[in-house]
Amino acid sequence: MNRGIDLQGSFIESLMDLGLPPDIAKAIWMPLPMILVILGATVGVLVVVWLERKISAAAQQRIGPEYAGPLGVLQPVADGIKLVFKEDIIPAKADTVLFTLGPILVVIPVFLSYLVVPFGQNLVITDLNIGIFIWIALSSIAPIGLLMSGYASNNKYALLGGLRAAAQSISYEIPLALSVLAVVMMSNSLSTIDIVSQQSGYGILGWNIWRQPVGFLVFWIAALAECERLPFDLPEAEEELVAGYQTEYTGMKFGLFYLGSYVNLVLSALIVAILYLGGWEFPVPLSQLADWLDVSESNPWLQVVTASLGITMTLLKAYFLVFIAVLLRWTVPRVRIDQLLNLGWKFLLPVSLVNLLLTAALKLAFPFAFGG
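This report concerns the structure included in the present document. (Residues numbered from 1 in each chain as written. Predicted model: local features only at pLDDT ≥ 70, side-chain atom pairs only at ≥ 80, totals over all residues. Heavy atoms only, no water.)

Describing the overall build of the protein
Right, on to step 1. The number of helices and strands found in the protein is 15 helices and zero strands.
Right, on to step 2. The C-alpha radius of gyration of the protein comes to 22 Å, within 12% of the 21 Å expected for a compact globule of 372 residues.
Right, on to step 3. Along the first, second and third principal axes, the C-alpha atoms of the protein reach 70 × 55 × 45 Å.
Right, on to step 4. In the protein, the proportion of contacts linking residues at least 24 apart, taken out of those at least 6 apart, comes to 79%.
Right, on to step 5. Accessible surface computed for the protein: about 18,000 Å², of which carbon and sulfur atoms make up 71%.
Right, on to step 6. Side-chain charges in the protein split into 19 positive and 26 negative, and the spacing between the mean points of these groups amounts to 10 Å. (Helix = DSSP H or I, 4+ residues; strand = E, 2+ residues; numbered from the N terminus. Rg over C-alpha atoms; globule rule 2.2 N^0.38 Å. Contact = heavy atoms within 4.5 Å. Areas by Shrake-Rupley, 256 points an atom, 1.4 Å probe, with all protein chains shown as cover. Lys, Arg positive; Asp, Glu negative; His and termini not counted. Charge placed at Lys NZ, Arg CZ, Asp CG, Glu CD.)

Below, the structure is given as structure tokens:
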């Protein structure tokens, strides 16, 4: 079954029907996905900030935001407006150029990574053959911005926070990449579309989490460390480093770090949903449901329902993982820097290597189940 509607093709064909040349129709389409990504990611961040406040309040048996809009839903908007109008202060002896570039380098790669996130067979902005590789490459740029911010602040606490952030990211980038390689090996492709398609046909039983439980756990732990979520928020451990690399930042530059963190959390949850939880796939195969209901797969209404369900399922899986991440914040105490580095280098790295080798062996032994 065709998993959704080809938005790009339909849009370009509609413009061509109005008399526009194909090149101009494609040029009009090109900026629209980028605008959609920025708006969607920003709205996703506002939702996550509100959810974090509410879930944290429930975990601590308090109410949380209530006054800014119904149930406090406008509280993230109020926080954003406050940060926009805060004074932007640059320390007198700071490197102005690097100080400004730091937050930009943290945020832009995360937004660009959304280009390869699919919400359906045709509901993806860029279906690259190396989509997952692009995401890993872009995620490795962010530590440069963090280190740049700490160095440019001319503050020893900020510099230590930047160094910690770089060390933490390098430590967990390797096991994360090895976990991804195991999934890539099973799907025989680096394309996010192909990885989800490889999990289709059997409903929830075909999802990679059953074939890669260890890889799933390693990936999720490494993703939380990459996002600097508790218990891995060592770069800005308040009792040690004031606020880490953010110490000298104010206003919207300070807000960009938090925006990047939350956007990265949503992105990581979406990537986990794509790699291990079947992406846009429904727990029951939709083709099977269509057969039971005697509905033709070429039915346009079925295509609309399939596309809508694909987007809904991807978001539900992602926000369930965000919910788990918020609960972990109030469940697991913060680790020490030596414990964090030991976990990455001495435990997760060997485990991810063994998982990769075991996946290769299972792929040869049981090709029908492991993508031979």
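Following the structure, the description resumes.
Quick notes on empty space enclosed by the protein
Right, on to step 1. The final tally for this structure, using the stated rule, is one cavity of 30 Å³ or more.
Right, on to step 2. Considered as a void within the structure, the largest cavity measures approximately 350 Å³ in volume.
Right, on to step 3. Ser139, Ala142, Glu226, Cys227 and Asn264 are the residues nearest the centre of the largest cavity, which is lined by 27 residues in total.
Right, on to step 4. Elements with a contribution of two residues or more to the lining of the largest cavity: α5 (96-113), α6 (131-139), α7 (142-152), α8 (156-187), α10 (213-226) and α12 (251-276).
Right, on to step 5. In terms of residue count, α12 provides more of the lining of the largest cavity than any other element does, six residues in total.
Right, on to step 6. The residue makeup of the lining of the largest cavity, split by class, is 16 nonpolar, eight polar and three charged. (1 Å grid on protein atoms, 1.4 Å probe; cavity = no way out; pocket = protein on both sides within 12 Å on 5 of 7 lines; lining within 4 Å. Points joined across faces, edges and corners; volume = space filled by probe spheres on them. Nonpolar A, V, L, I, M, F, W, Y, C, P; charged D, E, K, R; others polar.)

Concerning a nonpolar patch on the surface
Right, on to step 1. Together, Leu46, Leu71, Val73, Leu74, Val77, Ile81, Val84, Phe85 and Met252 make up a nonpolar patch on the protein surface, roughly 810 Å² of accessible area in all.
Right, on to step 2. When residues of the nonpolar patch are assigned to their parent elements, the largest contribution, four residues, is made by helix α4 (residues 75-85).
Right, on to step 3. Residue position: leucine 71 is located in the loop between α3 (31-59) and α4. (Patch = residues over 30% accessible without salt bridge, like charges linked within 9 Å, V, L, I, M, F, W, Y side chains within 5 Å. Salt bridge = Lys/Arg side-chain N within 4 Å of Asp/Glu carboxyl O.)

Details of the packing of aromatic side chains
Right, on to step 1. Under the defined criterion, the tally for this structure stands at nine aromatic pairs.
Right, on to step 2. Among the aromatic residues, ring-to-ring pairing joins Phe99, Tyr245, Tyr249 and Phe257 into one connected group. (Phe/Tyr/Trp six-rings, centres within 6.5 Å; stacked < 30°, edge-to-face > 60°.)

Some points on the packing of α8 against helix α15 (residues 337-365)
Right, on to step 1. For the pair α8 and α15, interaxial distance at closest approach is 9 Å and the crossing angle is 10°. By the angle between their directions, the pair α8 and α15 is classed as roughly parallel. Two packed elements cross with a definite hand, and for α8 against α15 that hand is left-handed. (Axes fitted to C-alpha atoms, helices over the stretch in contact; angles between N-to-C directions. Parallel < 35°, antiparallel > 145°, perpendicular 65-115°, else oblique. Left-handed = near helix turned anticlockwise from the far one by under 90°.)

The values reported here are purely geometric and, on their own, carry no functional implication.
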